[in-house]
Amino acid sequence: YLDKSGAKYCLMENVIGLKNFYNEISNDFSNFGFKTFYKIINTSEFGFPQNRKRLFIFGIKTKNEISFENFKNFIQKNLDKYRILYTKKYDFNLFDAIGDLPILKPKNIKNKTSLENDLYGYTVKKFKYKNTPYSKLINGNINNKFLLNHKTKYNNLRDIKIYSLLKPGENSTAKSIKHLMPYRSREKIFKDKFYKLDFNKKCKTITSHMYYDCHMYIHPNQARGLTPREAARVQGFPDNYYFCGGTNEWYRQIGNSVSPLISNILALIFKDYYEKNN
């Protein structure tokens, strides 16, 4: 498809472990006429509220080494420019990202994924947003009147108790939950099986594992995991972005996506390069 598309540039994103296979990937791209280089980008480097390191492979269709070096230098220079620009303006933490969203209870009723109310949240609900610096960043001038995909998922009573006992920043090794910890025999391996997030810090990487459970994404002051909308907020999705499917599909879509905040920066850089060179 890349060969038939007629594309002059390409961009690929994946987990940082893929850099171990970069030579193979680079050879595959070169078979279609693309010269490539990679950068590891962390969203937190731009002042955004998530520690999310990902591998980005940049490519240009050319046989000319000078053209490739110009492309590479342009991308790197402008990434540095945006990094400096954004960190001068922003240093968002988890509270900035989700602190204005409604309080919810963990759902402790089995097989009731369709259940919606004020306790457990809604797929769609009228809502009056606060105008915060972070909401301005992700929403721009959009006037949102609905809260979307803000629902909790099922948790058993043991997990809810663990969630309530942990303090922000604590994990499975905390003394307060030793009597409840179901993975005591593998404590060192599963030390982050349970992890309570800290409002005052950047959020850990949002992943699609949340569809399975949210033990590693416990809300700082509510005994539950992050909702899909909260995870989407951390990623940088605008509040009017509606996720389709069931709750687990929402988590998968959010966790597997590239942060829209980073996507926007990269799109601006590519646009600028294209306009200057075509």
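Rules used throughout
Counting starts from 1 at the beginning of each chain's written sequence and moves along it residue by residue. Under the rules for a predicted model, residues below a pLDDT of 70 receive no local features and side-chain atom pairs below 80 are neither given nor counted, while totals for whole chains, interfaces and linings still include all residues. Water and hydrogen atoms were dropped before computing side-chain values, which therefore reflect all heavy atoms in the structure. Categorising residues by exposure relies on relative accessible area from a 1.4 Å probe, with only protein chains included: less than 20% of the type maximum marks a residue as buried, more than 50% marks it as exposed, and the intermediate range marks it as partly exposed. Put simply, DSSP marks the helices as runs of H or I at least four residues long and the strands as runs of E at least two long, and each gets a number from the N terminus on. The pairing criterion is simple: DSSP has to find at least two bridges between the two strands. Lines fitted to C-alpha atoms define the axes here, with helix axes fitted over just the stretch in contact, and angles between the N-to-C directions of these axes take values from 0 to 180 degrees. By the convention used here, residues are in contact when the closest approach between their heavy atoms is within 4.5 Å. In this description, a nonpolar core means a group of buried Ala, Val, Leu, Ile, Met, Phe, Trp, Tyr and Cys residues linked to one another through side-chain atoms lying within 4.5 Å. Basic side-chain nitrogens of Lys or Arg form a salt bridge, by our definition, when they fall within 4 Å of a carboxyl oxygen of Asp or Glu. Orientation is classified from the angle alone, with under 35 degrees giving roughly parallel, over 145 giving roughly antiparallel, 65 to 115 giving roughly perpendicular, and any other angle giving oblique. Two helices crossing with the near one rotated counterclockwise from the far one by less than a right angle form a left-handed crossing, whereas a clockwise rotation gives a right-handed crossing. Here a Phe, Tyr or Trp ring, Trp counted by its six-membered ring, pairs with any other such ring whose centre lies within 6.5 Å, and the pair is stacked when the planes are under 30 degrees apart, edge-to-face when over 60, and tilted otherwise. Placement of a charge over a ring requires the Lys NZ or Arg CZ to be within 6 Å of the ring centre, with the centre-to-atom vector within 35 degrees of the ring normal. To count toward a patch, a residue needs a relative accessible area above 30% and no salt bridge. Like charges then connect within 9 Å, nonpolar side chains (Val, Leu, Ile, Met, Phe, Trp, Tyr) within 5 Å. Surface exposure here means Shrake-Rupley accessible area, sampled with a 1.4 Å probe, where a residue is shielded only by the protein chains that are shown. Throughout, the ten residues Ala, Val, Leu, Ile, Met, Phe, Trp, Tyr, Cys and Pro are labelled nonpolar, Asp, Glu, Lys and Arg are labelled charged, and all others, Gly among them, are labelled polar.

1. Here we look at the pairing of strand E5 (residues 146–151)
Most of E5 is tucked away: five of the six residues are buried. The pairing of strand E4 (residues 121–126) with E5 spans five bridges and is antiparallel. Pairing of lysine 126 across the sheet is with phenylalanine 146, part of E5.

2. A look at the sheet that holds strand E3 (residues 53–61)
In spatial order, the strands read E1-E3-E2; together these three strands make up an open sheet with antiparallel pairing. Both edges of this open sheet fall to strand E1 (9–14) and strand E2 (34–42), since each of them pairs with a single strand only. Taking each pair of neighbouring strands and ignoring which way they run, the sheet shows an average axis angle of 20°. Here E2 runs beside E3; their pairing, made up of nine bridges, is antiparallel. Paired with lysine 35 across the two strands is isoleucine 60, which belongs to E3. Most of the contacts of helix H3 (residues 65–89) go to E2, to which it runs at about 15°, and overall it touches E1, E2 and E3. Sitting on the sheet, helix H9 (residues 260–277) touches E1, E2 and E3, and the angle it makes with E1 is about 165°.

3. Here we look at the nonpolar core
Formed by 50 residues in total, the largest nonpolar core has its most connected members in Phe46, Phe58, Phe71 and Ile206. At the level of elements, E2, E3, H3, helix H4 (94–98), helix H5 (133–139), helix H7 (228–235), helix H8 (247–256) and H9 are the ones that each hand at least two residues to this core. Non-local contacts of phenylalanine 58, meaning those with residues more than four positions away in its chain, are made with Cys10, Leu11, Lys35, Thr36, Phe37, Lys39, Ile41, Phe71, Ile75, Leu79, Leu266 and Phe270. With eight residues, the next largest nonpolar core counts Ile162, Tyr163, Ile177 and Ile218 among its residues.

4. Some points on the pattern of salt bridges
Within this structure, the stated rule accounts for 15 salt bridges. In this structure, aspartate 91 engages lysine 202 in a salt bridge whose closest nitrogen and oxygen atoms are separated by 3.1 Å. One end of the pair, aspartate 91, is in the loop between H3 and H4; the other, lysine 202, is in the loop between helix H6 (157–165) and H7, with 111 residues separating them in the sequence. The exposure class assigned to aspartate 91 is exposed, which follows from its relative accessible area of 62%. Classification of lysine 202 as partly exposed rests on a relative accessible area of 22%. Here aspartate 213 ties to lysine 193 by a salt bridge, and the two come within 3.4 Å at their closest N and O atoms. Residue aspartate 213 is found in the loop between H6 and H7, and its partner lysine 193 is found in the loop between H6 and H7; the two are separated by 20 residues along the sequence.

5. Structural notes on the packing of H3 against H9
For the pair H3 and H9, the least separation of the axes is 10 Å and the interaxial angle reads 135°. Judged by the angle between their axes, H3 and H9 are oblique. The chirality of how H3 crosses H9 is right-handed. Contact with H3, carried on its side by Ser67, Asn70, Phe71, Phe74, Ile75, Asn78, Leu79, Tyr82 and Tyr86, involves Asn264, Ile265, Leu266, Leu268, Ile269, Phe270, Asp272, Tyr273 and Lys276 of H9 and no other residues of that element.

6. Here we look at unusual backbone geometry
With a phi close to 55°, asparagine 111 is a non-glycine residue in the positive phi region. Looking at the secondary structure, you find asparagine 111 in the loop between H4 and E4.

7. Looking at the packing of aromatic side chains
On inspection of all chains with the given rule, the structure shows 25 aromatic pairs. With centroids separated by 6.3 Å and ring planes inclined at 70°, the aromatic side chains of tyrosine 9 and phenylalanine 270 adopt a geometry described as edge-to-face. Taken together, the positions of tyrosine 9 in strand E1 and phenylalanine 270 in helix H9 put the pair 261 residues apart, joining distant regions of the chain. Using a relative accessible area of 16% as the deciding quantity, one classes phenylalanine 270 as buried. Summarising the aromatic geometry, the rings of tyrosine 241 and phenylalanine 243 are spaced 5.0 Å apart at their centres and angled 45° between planes, so their arrangement reads as tilted. By relative accessible area, which is 41% here, tyrosine 241 ends up partly exposed. Grouped by ring-pair contacts, the aromatic residues Tyr9, Phe37, Phe58, Phe68, Phe71, Phe74, Phe270, Tyr273 and Tyr274 constitute a single cluster. Its end group placed over the ring of tyrosine 217, lysine 204 keeps NZ or CZ at 5.8 Å from the ring centre.

8. Structural notes on a nonpolar patch on the surface
Residues Ile16, Tyr38 and Ile40 make up a contiguous nonpolar surface patch of roughly 210 Å² in combined accessible area. Along the chain, isoleucine 16 falls in the loop between E1 and helix H2 (22–30).

9. Brief notes about the packing of H7 against H8
For the pair H7 and H8, the least separation of the axes is 10 Å and the interaxial angle reads 10°. When the axis of H7 is compared with that of H8, the two are roughly parallel. Where H7 abuts H8, its residues Pro228, Ala231, Ala232 and Gln235 lie against Thr247, Trp250, Tyr251, Ile254 and Gly255. Classifying every residue of the contact of H7 with H8 gives six nonpolar, three polar and no charged.

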